[in-house]
Amino acid sequence: TLCRQVACQFFESALIHRKSIYFYQKCLAVTLKSNDVEGEMGTNAALGTAHESLGQIKVAINFHERQLEVAQQCGHEQQVTMASTSLINVYRYVNT
């Protein structure tokens, strides 16, 4: 979505993760209200990655699991793969 692409990418690229999380949460609310499943999956992925960057691993896992759940429900194989890969990477980080 435009919200995710413009506002959030600026903050993430500037490594201002807390600000990017704030805007990703706003974007997630919009995607949920508008039934934008693609946007919901992408925003959950972005929130997971942002929380990983802050070392908030349990929160990151929750967002990646939600991305996976939504992807499985709608049969979106690419998002299933992306969410699964993100979860594997988070669990590897935890075990190192």
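Refer to the structure presented above.
Residues numbered from 1 in each chain as written. Predicted model: local features only at pLDDT ≥ 70, side-chain atom pairs only at ≥ 80, totals over all residues. Heavy atoms only, no water.

1. Regarding the overall build of the chain
(1) Moving on: Helices and strands together make up the secondary structure of the chain, namely five helices and zero strands.
(2) Moving on: Counted from the first residue to the last, the chain has its helices and strands arranged as α-α-α-α-α.
(3) Moving on: The buried share of the chain, reckoned over its 96 residues, is 39%.
(4) Moving on: A sequence separation of at least 24 residues applies to 44% of the contacts in the chain between residues at least 6 apart.
(5) Moving on: Of the roughly 5,800 Å² that the chain leaves accessible, carbon and sulfur atoms contribute 56%. (Helix = DSSP H or I, 4+ residues; strand = E, 2+ residues; numbered from the N terminus. Buried < 20%, exposed > 50% of the residue type's maximum accessible area, 1.4 Å probe, protein only. Contact = heavy atoms within 4.5 Å. Areas by Shrake-Rupley, 256 points an atom, 1.4 Å probe, with all protein chains shown as cover.)

2. Observations concerning the pattern of salt bridges
(1) Moving on: Under the counting rule described, the total for this entry stands at two salt bridges.
(2) Moving on: Where E69 meets R66, a salt bridge forms, and the shortest distance between an N and an O atom there is 2.9 Å. On the criterion of helical spacing, the pair formed by E69 and R66 is a turn pair, its members being three residues apart in helix α4 (residues 57-74).
(3) Moving on: Judged by its relative accessible area of 38%, E69 falls in the partly exposed class.
(4) Moving on: Through salt bridges with shared partners, one network takes in E40, R66 and E69. (Salt bridge = Lys/Arg side-chain N within 4 Å of Asp/Glu carboxyl O.)

3. Here we look at helix α5 (residues 77-94)
(1) Moving on: Its 18 residues give α5 an end-to-end C-alpha distance of 26 Å, which sits within 8% of 26 Å, the value for a rise of 1.5 Å per residue.
(2) Moving on: If you follow the buried residues of α5, they end up packed against α3 (37-53) and α4. (Expected span 1.5 Å × (residues − 1).)

4. Quick look at the packing of aromatic side chains
(1) Moving on: For the structure shown, the criterion picks out one aromatic pair.
(2) Moving on: Ring geometry for Y22 and F23: centres 5.1 Å apart, planes at 85 degrees, overall edge-to-face.
(3) Moving on: Taking relative accessible area as the criterion, Y22 reaches 43% and is therefore assigned partly exposed. (Phe/Tyr/Trp six-rings, centres within 6.5 Å; stacked < 30°, edge-to-face > 60°.)

5. Section: the side chain of T43
(1) Moving on: Within the element layout of this structure, T43 appears in helix α3.
(2) Moving on: A polar atom in the side chain of T43 sits 2.7 Å from the backbone oxygen of G39. (Polar contact = N/O pair within 3.5 Å; in protein donor to acceptor, adjacent residues only side chain to side chain.)

6. Here's the deal with the environment of S86
(1) Moving on: Assignment of secondary structure puts S86 in helix α5.
(2) Moving on: Residue S86 is classed as buried on the basis of its relative accessible area of 18%.
(3) Moving on: For the pair S86 and Q67, spaced 19 residues apart in the sequence, the C-alpha separation amounts to 9.9 Å.

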